[in-house]
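Chain by chain, the residues run as shown.
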Amino acid sequence: MSSTFNGDETAPFFGFLGAAAALVFSCMGAAYGTAKSGVGVASMGVMRPELVMKSIVPVVMAGVLGIYGLIIAVIISTGINPKAKSYYLFDGYAHFSSGIACGLAGLGAGMAIGIVGDAGVRANAQQPKLFVGMILILIFAEALALYGLIVGIILSSRAGQSRAD
């Protein structure tokens, strides 16, 4: 029985695992950030309902984290086609590390955004001068996920460079 498959038979497993990890961990970070900062917005809305729309920024920033994971998952999954091109373990590991880098960076950023968002919107309700400082901290927390996205794109682009076909 002849097979037309070139490459390593288990390599796509690692590639798909990387795509899943990127999406799952990034969405976990987005969910935690949204829930934690949403609790702060709800609590603050009882005291100062006029500031609710201004305090929704952490929730939006947390939601973007899931998009980062989606981008990497799509990039990885479109790069896995063993029937068209040989797919080796190097490629699978490159895609796996790409997904882990983006996913765990998104998870960490989501935790930071949730904690800062919760405390920040509550503090902003008591002292409006803290708004700019809260936004700056949230931007730096979001940048952590952006770093993971950039590294994930770079690592994913390394797939396919293992051997000259």
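Every value quoted in this text rests on a predicted model; they were computed, and no experiment measured them.

Novice: Report on the overall build of the protein, specifying residues and quantitative values.
Specialist: The secondary structure content of the protein amounts to 4 helices and 0 strands. Helices and strands in the protein line up, N terminus first, as α-α-α-α. Compactness check: the protein gives a C-alpha radius of gyration of 20 Å against a globular reference of 15 Å for 165 residues, more than 25% above the reference. Its C-alpha atoms put the protein at 75 × 25 × 15 Å along the principal axes. Burial statistics for the protein: of 165 residues in total, 42% are counted as buried. Residue pairs in contact within the protein that sit at least 24 positions apart in sequence constitute 86% of those at least 6 positions apart.

Novice: I'd like a rundown of the UniProt feature "domain: V-ATPase proteolipid subunit C-like" (unreviewed entry) in the protein, residues and numbers included.
Specialist: Per the UniProt annotation, the sites labelled "domain: V-ATPase proteolipid subunit C-like" (unreviewed entry) are residues 17-76 and 97-155. Each end of residues 17-76 is marked by a C-alpha atom, and these two atoms are 10 Å apart; helix forms 85% of the span and strand 0%. As annotated, residues 97-155 has a helix share of 93% and a strand share of 0%, and its two end C-alpha atoms lie 7 Å apart.

Novice: Could you give an account of the side chain of S37, naming the residues involved and the relevant values?
Specialist: When you line up the elements, S37 lands in helix 1 (residues 11-47). With residues up to four places along the chain from it excluded, the contact list for S37 reads P58, V59, I113, G114, G117, D118 and V121.

Novice: Could you give an account of the UniProt feature "transmembrane region" (unreviewed entry) in the protein, with specific residues and numbers?
Specialist: According to UniProt, the positions carrying the feature "transmembrane region" (unreviewed entry) are residues 12-35, 56-76, 96-118 and 130-155. Secondary structure content for residues 12-35 is 100% helix and 0% strand, while the C-alpha to C-alpha distance between its ends is 34 Å. In residues 56-76, helix accounts for 95% and strand for 0%; the two terminal C-alpha atoms are 32 Å from one another.

Novice: Kindly report on the packing of aromatic side chains, identifying the contributing residues and their values.
Specialist: Within the structure shown, the criterion is met by 3 aromatic pairs. For the pair F13 and F14, a centre-to-centre distance of 5.3 Å together with 75 degrees between the ring planes defines the contact as edge-to-face. With relative accessibility at 23%, the residue F14 sits in the partly exposed group. Where F14 meets F96, the ring centres are 6.4 Å apart and the plane angle is 75 degrees; that geometry is what we call edge-to-face. Of this pair, F14 sits in helix 1 while F96 is found in helix 3 (residues 89-126), placing the two residues 82 residues apart along the sequence. Residue F96 is classed as partly exposed on the basis of its relative accessible area of 28%. Following the ring pairs from residue to residue traces out a cluster consisting of F13, F14, Y93 and F96. Taking the ring centre of F131 as reference, the NZ or CZ of K54 above it sits at 4.5 Å.

Novice: Just give me the short version of the side chain of S98, but keep the residues and values in it.
Specialist: Topologically, S98 is positioned in helix 3. Side-chain polar atoms of S98 contact the backbone oxygen of G152, separated by 2.6 Å. With near-sequence residues (within four places) excluded, S98 lies in contact with I72, I76, G152, I153, L155 and S156.

Novice: Can you break down a nonpolar patch on the surface residue by residue, with the values?
Specialist: Together, L144, L146, Y147, I150 and I154 make up an exposed nonpolar region whose accessible area comes to about 470 Å². On the secondary structure map, I150 appears in helix 4 (residues 131-158).

Novice: An account of the packing of helix 1 against helix 3 is needed here, citing residue identities and associated values.
Specialist: Think of two packed helices as two axes; the pair is described by the angle between the axes and how far apart they sit. Where helix 1 contacts helix 3, the two axes come as close as 7 Å, and the packing angle between them is 5 degrees. Relative to helix 3, the element helix 1 is oriented roughly parallel. Here the contact of helix 1 with helix 3 is built from residues that sort into 24 nonpolar, 16 polar and 3 charged.

What counts and how
Residues numbered from 1 in each chain as written. Predicted model: local features only at pLDDT ≥ 70, side-chain atom pairs only at ≥ 80, totals over all residues. Heavy atoms only, no water. Helix = DSSP H or I, 4+ residues; strand = E, 2+ residues; numbered from the N terminus. Rg over C-alpha atoms; globule rule 2.2 N^0.38 Å. Buried < 20%, exposed > 50% of the residue type's maximum accessible area, 1.4 Å probe, protein only. Contact = heavy atoms within 4.5 Å. UniProt positions renumbered as here; feature names shortened; annotations may be inferred. Phe/Tyr/Trp six-rings, centres within 6.5 Å; stacked < 30°, edge-to-face > 60°. Lys NZ or Arg CZ within 6 Å of the ring centre and 35° of its normal. Polar contact = N/O pair within 3.5 Å; in protein donor to acceptor, adjacent residues only side chain to side chain. Patch = residues over 30% accessible without salt bridge, like charges linked within 9 Å, V, L, I, M, F, W, Y side chains within 5 Å. Areas by Shrake-Rupley, 256 points an atom, 1.4 Å probe, with all protein chains shown as cover. Salt bridge = Lys/Arg side-chain N within 4 Å of Asp/Glu carboxyl O. Axes fitted to C-alpha atoms, helices over the stretch in contact; angles between N-to-C directions. Parallel < 35°, antiparallel > 145°, perpendicular 65-115°, else oblique. Nonpolar A, V, L, I, M, F, W, Y, C, P; charged D, E, K, R; others polar.

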